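The lines below spell out each chain.
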Protein chains: 2
Amino acid sequence: MRNGNPDLRVIRTKESIRHALVELIEEKGFEAITVKDLTTRAKINRGTFYAHYQDKFDLMMKCEEEIMLDMSRITKQNFPSVIAALKTDPLTETPFHLTVSIFEYLNGNSDFMKAVLGPKGDLSFQTRLKKFMWETLYGNNPNALAKEENFLVPGQYLGSFTGSAITGVIHQWLDSGRKESPQEMARILTTIMVNGPLFAAGLKK
Amino acid sequence: MRNGNPDLRVIRTKESIRHALVELIEEKGFEAITVKDLTTRAKINRGTFYAHYQDKFDLMMKCEEEIMLDMSRITKQNFPSVIAALKTDPLTETPFHLTVSIFEYLNGNSDFMKAVLGPKGDLSFQTRLKKFMWETLYGNNPNALAKEENFLVPGQYLGSFTGSAITGVIHQWLDSGRKESPQEMARILTTIMVNGPLFAAGLKK
DNA sequence: CGAAATAACAAACAACCTGTTGTTTATTAC
DNA sequence: GTAATAAACAACAGGTTGTTTGTTATTTCG
C-alpha cells in the first residue's frame, strides 16, 4: 500500500488464504482449523497471516462481512420498498424479483456460503443471515413489529419462523447441488410463504 | 462401577462437568472451550475428564444424544401417528398436543438447549434437530416425500423450510426468556404453520 | 530504469493446550 | 478386614499460538 494503491502481493495472499479457508471448512470444520493449516494450504508463511488477520476468527469475520454487505446492497439499492410491496400485495412482482436476485448472488458465492452454512460452518453467521431475512421481509424494528395489531401471533415468532425457514431452504439448495435455477427457487420459496407449509404439502383443504 | 452399582463419585463428576459445559458454551462458545476450562470450572483433575469422555466433542455428543433420545421417546410413545393425523386434518388435536409436550420437555432442559442452539452453540445439533422436526411432521423417508404428487413444491424444500422454521421459533422462545407457556407456544406455532407466515402477519387477504 | 517502500519470508521464542503415562487414593464386594 | 476394582491424580512429550527477529523479494513511483 502506497498512495492508496493496493499491492498486488497483498491481493494474491488474501485470495490464497480465503480459498484455503473454504476448502478447510468443508474438510474438517471451522473449529478444527489451525492457522498452520491455513498457511500451509495457502502456501504462505505463518507470520504473513498474522500481518493481515488477528486470528482465524478475524479472517472469518471479514469474509462474512463482505457477504452481508453485498446482500444489503442488493436489497436496498434495487428494492427499496419490499415491505411496502408486501403490505399491499405479497404476490406482487417486487418480492419475487428480490428473491431471484438473492439466489443469483448466492449462486455466485456458493462455495463460501455452502461451507459456512453447512454442518461444520459458523453458527453466528447463520444467526446474522436469519436476522437479515427477517428484517428484509418485515422491517428492522422488532418492537414496532411486535405491536402490529393485525398479527395473529407475536412478531418475534413470525420473524424467527420466517428467517430460519428461508435460511433453511437456501442451505438445502446449496447442499443438494443447486439443481434448481434462482427463478425456480424463488417460485418454490414464494409458494410456501404464501400458502403456508401445510397447504403446500397438500395437508390442508 | 461394580456389579452394575453406580459410583457416587462418577455421578458427581459428570454432573459437575455438564454444568460447566453449559456455562462455558454461553460464555465463550463451544469451539473456544478447552478441556482445561471444563475441568477448572468443574473443579476436577483434567485426567479425570479423559477417564469419562474422549474429548470435548465426545462430551457434547453424549449430552446431545440424551436430548434426542428423550424427544424421540416423547414423539413415538405418545403420538405414534402424527403424520396420519396431519394428513386427515392438520387442525386435529394430536399435532397440537405433541407440540405442547415438546415445548414442555424443552422447558425442563432449557439451559442446555439455549446454549447449544445459541449463536455460540453447536451447528451439527441444530441440523439434527431440524431433521427431527422435519421427520416428525412429514415422515422419515425423504425420497417418498419428494414423490408425493399433491406437493406444490419439491418435498426437500418443504422439509428444510419447516424443520428450520420450527427450530427457529424454539430458539427464539428460549432466547427471549420463555415468557410464553408451552400451550401458548403450541398455539403460535400451529397458527403460523396452518395459515402461513404471510397470512399470520396480516400481509395476505 | 533505479531508489524507496513494503510485503513475504525463515527461524526462533515462550506460553499454552492436548492426550497419555504410570502412580496413588477411594470405594465396593466378599 | 481385605482384596479387587475403578476413580483421581501429577508429570510428561508433542503440537499450536501469537509474536518477534533480521533478511530477501517484489512492487510502486519518480
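Remember, it's a predicted structure, so these values are computed and weren't measured experimentally.

A.B. asks: Would you mind going over the packing of aromatic side chains with me for this structure?
C.D. replies: The way to describe two aromatic rings as a pair is by their centre distance and the angle between their planes. Residue and element names in this part refer to chain A. All chains considered together, the criterion is met by 10 aromatic pairs over all chains. Measuring from ring centre to ring centre gives 5.6 Å for F30 and F57, while their planes differ by 75 degrees; the resulting arrangement is edge-to-face. Here F30, found in the loop between α1 (8-28) and α2 (35-42), pairs with F57, found in helix α4 (residues 56-78); they are 27 residues apart in sequence, far enough to count as distant. What links up through ring pairs into an aromatic cluster is the set F49, Y50 and Y53. The ring of F30 has K56 lying over it, and the distance from NZ or CZ to the ring centre is 4.7 Å.

A.B. asks: Looking at this structure, how should I read the environment of A:Y53?
C.D. replies: Residue and element names in this part refer to chain A. Turning to its location among the elements, Y53 is positioned in the loop between α3 (46-52) and α4. Overall, the relative accessible area of 2% leaves Y53 in the buried class. Once residues within four sequence positions are removed from consideration, Y53 is found in contact with K14, I17, R18, D58, L59 and K62.

A.B. asks: Quick question: what am I supposed to make of the interface of chain A and chain B here?
C.D. replies: Quoted interface sizes are often the accessible area lost when the parts come together. Each partner contributes to the interface: chain A provides 56 residues, whereas chain B provides 56 residues. For the pair chain A and chain B, the two sides together bury roughly 4900 Å², of which 68% comes from carbon and sulfur. For the pair chain A and chain B, the interface holds 0 salt bridges. Taken together, the connections running from chain A to chain B amount to 6 residue pairs in polar contact (both at pLDDT 80 or more). Secondary-structure elements contributing two or more residues to the side of chain A that touches chain B are α5 (82-88), α7 (110-117), α8 (123-138), α10 (155-175), α11 (182-195) and α12 (197-200) of chain A. For the side of chain A that touches chain B, the element with the most residues is α10(A), which contributes 12 residues. Here the side of chain A that touches chain B is built from residues that sort into 32 nonpolar, 17 polar and 7 charged.

A.B. asks: Where do I start with the side chain of A:S110 in this structure?
C.D. replies: Residues and elements named next belong to chain A. By secondary structure assignment, the location of S110 is in helix α7. With relative accessibility at 8%, the residue S110 sits in the buried group. There is a polar contact of 3.3 Å between the side chain of S110 and the side chain of R178. Discounting residues that sit within four places of it in the chain, S110 has contacts with L174 and R178.

A.B. asks: For this particular structure, what's the right way to read helix α1 (residues 8-28) of chain B?
C.D. replies: The α-helix winds at 3.6 residues per turn, so residues separated by three or four positions along the chain end up facing the same way. Residue and element names in this part refer to chain B. For α1, built from 21 residues, the straight-helix expectation of 30 Å at 1.5 Å per residue is met to within 8% by its first-to-last C-alpha distance of 30 Å. Buried residues of α1: T13, I17, A20, L21, V22, L24 and I25, and no others. In the segment just after α1, G29 is the residue with positive phi, at about 85 degrees.

A.B. asks: For this particular structure, what's the right way to read the nonpolar core?
C.D. replies: A general feature of soluble globular proteins is that nonpolar side chains tend to end up buried together. A:L21, A:M71, B:L21 and B:M71 are the most contacted members of the largest nonpolar core, which has 115 residues in total. Those residues within four positions of A:M71 in sequence are excluded, and the remaining contacts are A:I102, A:Y105, A:L106, A:L129, A:F132 and A:M133.

A.B. asks: It is not clear to me how the relation of the copies chain A and chain B should be interpreted in this structure. Could you clarify?
C.D. replies: These two copies of the chain differ by a rotation about an axis and a displacement along the same axis. When chain A is brought onto chain B, the operation consists of a screw motion whose angular component is 179 degrees and whose axial shift is 0.1 Å, with 0.2 Å RMSD remaining. A rotation of that kind, with that shift, is consistent with a two-fold axis. Relative to the rotation axis, the closest C-alpha in chain A is found at A:G196, a distance of 1.7 Å. A shared interface surface links the copies, since 100% of the contact residues of chain A are contact residues in chain B too.

Reading guide: rules and limits
- By convention here, each chain's residues receive numbers from 1 onward along its written sequence.
- Chain letters start at A and ligand numbers start at 1, both assigned in the order the entries are written.
- In view of the model being predicted, local features appear only for residues whose pLDDT reaches at least 70, and side-chain atom pairs are presented and counted only at 80 or more, with totals across whole chains, interfaces and linings using the full set of residues.
- Hydrogen atoms and water are omitted, and side-chain values are computed over all heavy atoms in the structure.
- Each Phe, Tyr or Trp ring (for Trp, its six-membered ring) is paired with any other whose centre lies within 6.5 Å, and the angle between the two planes then decides the class: stacked below 30 degrees, edge-to-face above 60, tilted in between.
- What counts as a helix is a DSSP run of H or I of at least four residues, what counts as a strand is a run of E of at least two, and both are numbered from the N terminus.
- Either the NZ atom of lysine or the CZ atom of arginine qualifies as a charge over a ring when it sits within 6 Å of the ring centre and within 35 degrees of the ring normal.
- The classification of residues rests on relative accessible area computed with a 1.4 Å probe and restricted to protein chains. Under 20% of the type maximum is buried, over 50% is exposed, and intermediate values are partly exposed.
- Throughout, a contact is declared for two residues whenever any of their heavy atoms are within 4.5 Å.
- The quantity reported as buried area is the accessible area (1.4 Å probe) lost by two parts once they are put together, taken as the sum for both.
- We define a salt bridge as a contact between a side-chain nitrogen of Lys or Arg and a carboxyl oxygen of Asp or Glu at a distance within 4 Å.
- Pairs of N or O atoms are called polar contacts if they sit within 3.5 Å, as long as, within protein, a hydrogen donor faces a hydrogen acceptor (for residues adjacent in sequence, only side-chain-to-side-chain pairs).
- Each residue receives one of three labels: charged for Asp, Glu, Lys and Arg, nonpolar for Ala, Val, Leu, Ile, Met, Phe, Trp, Tyr, Cys and Pro, and polar for the others, Gly being one of them.
- An expected span of 1.5 Å times one less than the residue number is assigned to each helix.
- Working definition of a nonpolar core: buried Ala, Val, Leu, Ile, Met, Phe, Trp, Tyr and Cys residues. They are joined through side-chain atoms within 4.5 Å.
- C-alpha atoms of residues with pLDDT of at least 70 in both copies form the basis for the least-squares superposition of the copies.

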